[in-house]
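Analysis of the macromolecular model
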Amino acid sequence: MSTLARARCTLGAHPSALDTALATAVLVCMLAGSFVDPHGPEGVSWELRTPDALSLALMAVGAAALAFRRREPMAVLAVTGCASVVESVTGEPRAPVVMCAVVALFTVAASADRTTTWRVGLLTMTVLTGAAMLAGPLPWYAQENLAVFAWTGIGATAGDAVRSHRAFVQAIRDRAEKAERTREEEARRRVAEERLRIARDLHDVVAHHIALVNVQAGVASHVMDKRPDQAKEALAHVRQASRSALDELRATVGLLRQSGDPEAPTEPAPGLARLGELVGTFHHAGLHVEVARADQGTELPAAVDLAAYRIIQEALTNVRKHAGERAKAEVSVVRVGPNIEVTVLDDGTGTDDGALADGVPVDGGGHGLLGMRERVTAVRGTLTTGPRYGGGFRVHAILPVRSRTDAADAVEDLV
């Protein structure tokens, strides 16, 4: 830190000492000006003169008042203004007492608003100049009278400029602090959204594959002694489901790695292109699923494609867990105008331990349906779930074919 900056910090930490030093400097300047007479008998000549006692007293009072200019700026201006008026009327020759009034007016303008500055500045200028011109011993057009008018105007203008500069600097600081807070809030919001998305992915993967593993393991345990071939087939499905679960978990958890970490996941996220493979896993688990598609040629955004896949996966998992052993499911994917509609129906009785109550699993807290709703909301779609008339359950999702970014690009192309 430079010497000037260090001195500025020291003076800023002790404002009273700074005001006292300023008052002393003003007093010295007024005394120096009062001992010099610019109007000699032979024209303009500088001669030493001695001010009278009243002028010395007025200078002392004005300088002493400046030591309190930060605490009571209006009161200090009133005291210094009165001293200047008295000196303008009685001083012969006149001492520069008006200097302390100019400093006081500068302080008021630097601390008050612009309206107050205009009012106080005009009043001070009018009173001091009028007293000097009309009641003073000098002619009204004397240079000293015009100097009073000029210096009071300069004091008010300079103080207002300092106040405007301070306000501008403070506004920049406030804007920078607000921008920093906004960046931090945005970062926290994105982190929360990413955590929620990863939690949904983990729930979908674990719920689907663990349910299949549980079913196939139960089948293998049941037929191990009597039908070993069927038990081997069930165990093969268990191994395949567990391998798929591990692969998807590895890809999902891999998103948490840092950019410099090796082996970042490169496999694309699942979508409706893998719907047949997904339905096949449920067929192996003993769930009869019929698929009807009328979306040929439709290219979905990655987020919408993933949401559709996860909704079907979660809905079929709930059917397998809660609808009963003899339940059947129907999956339809249909393109309707600007949207794609995904529907999953089942005819289950819901009499198992995990039966649905008002569309929410009794034992699970409804995280599956909540995850579906969050996924649909994230892509600006709508989701409807509820029991069917006559038994069963229905999940219906309407997803936009175009994401918000794609729509914005299309509008820009048209423009």
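Residues numbered from 1 in each chain as written. Predicted model: local features only at pLDDT ≥ 70, side-chain atom pairs only at ≥ 80, totals over all residues. Heavy atoms only, no water.

1. Looking at the sheet that holds strand E8 (residues 382–387)
As summarised here, the arrangement of the five strands in space is E3-E4-E5-E9-E8, forming an open sheet in which the pairing is mixed. Unpaired on one side and paired on the other, strand E3 (288–294) and E8 mark the two borders of the sheet. Within this sheet the neighbouring strands show an average axis-to-axis angle of 10 degrees, counted without direction. Of the pairings in the sheet, the one linking E3 to strand E4 (residues 328–336) comprises seven bridges and is parallel in character. Bridged to Glu-290 within E4 is Glu-330. Strands in contact with helix H9 (residues 275–284) are E3 and E4; relative to E3, the strand with the most contacts, it is inclined by about 165 degrees. Lying over the sheet, helix H10 (residues 302–322) contacts E3, E4, strand E5 (339–346) and strand E9 (393–400), oriented at roughly 175 degrees with respect to E9. (Pairing = 2+ DSSP bridges. Helix = DSSP H or I, 4+ residues; strand = E, 2+ residues; numbered from the N terminus. Axes fitted to C-alpha atoms, helices over the stretch in contact; angles between N-to-C directions. Contact = heavy atoms within 4.5 Å.)

2. Focus on H10
Helical geometry: 3.6 residues make up each α-helical turn, so side chains three or four residues apart lie on a common side. Relative to the 30 Å expected for 21 residues at 1.5 Å per residue, H10 spans 30 Å between its end C-alpha atoms, a close match to the ideal helical length. Most of H10 is tucked away, with 17 of its 21 residues classed as buried. Downstream of H10 by a residue or two, Gly-324 has a phi angle that is positive, lying close to 110 degrees. (Expected span 1.5 Å × (residues − 1). Buried < 20%, exposed > 50% of the residue type's maximum accessible area, 1.4 Å probe, protein only.)

3. Some thoughts on the confidence of the model for the chain
Mean pLDDT over the chain stands at 77; residues scoring 70 or higher make up 74%. Within the model, pLDDT remains below 50 along residues 351–365, and this stretch shows 25 contacts once partners closer than five positions in the same chain are excluded. (pLDDT = per-residue confidence, 0-100.)

4. Side note on the packing of helix H3 (residues 53–66) against helix H4 (residues 73–90)
Running from N to C, H3 and H4 cross one another at 165 degrees; their axes reach a closest spacing of 9 Å. Judged on the interaxial angle alone, H4 and H3 are roughly antiparallel. Crossing of H3 over H4 shows left-handed handedness. Of the residues in H4, those touching H3 at Leu-54, Ser-55, Leu-58, Val-61, Gly-62, Ala-65 and Leu-66 are Val-76, Val-79, Thr-80, Ala-83, Val-86, Glu-87 and Thr-90. Of the residues belonging to the contact of H3 with H4, the class tally is nine nonpolar, four polar and one charged. (Parallel < 35°, antiparallel > 145°, perpendicular 65-115°, else oblique. Left-handed = near helix turned anticlockwise from the far one by under 90°. Nonpolar A, V, L, I, M, F, W, Y, C, P; charged D, E, K, R; others polar.)

5. Quick word on the pattern of salt bridges
Here the structure, examined in full by the defined rule, presents nine salt bridges. Between Glu-186 and Arg-190 there is a salt bridge, with its nearest N and O atoms 3.1 Å apart. In this pair, Glu-186 and Arg-190 are both assigned in helix H7 (residues 143–223), four residues apart and thus about one turn of the helix distant. What makes Arg-190 exposed here is its relative accessible area of 55%. The partner of Arg-293 in a salt bridge is Asp-295, with the nearest N and O atoms 2.8 Å apart. Look at the salt bridges and you will find they share partners, linking Asp-19, Arg-69 and Arg-70 into a network. (Salt bridge = Lys/Arg side-chain N within 4 Å of Asp/Glu carboxyl O.)

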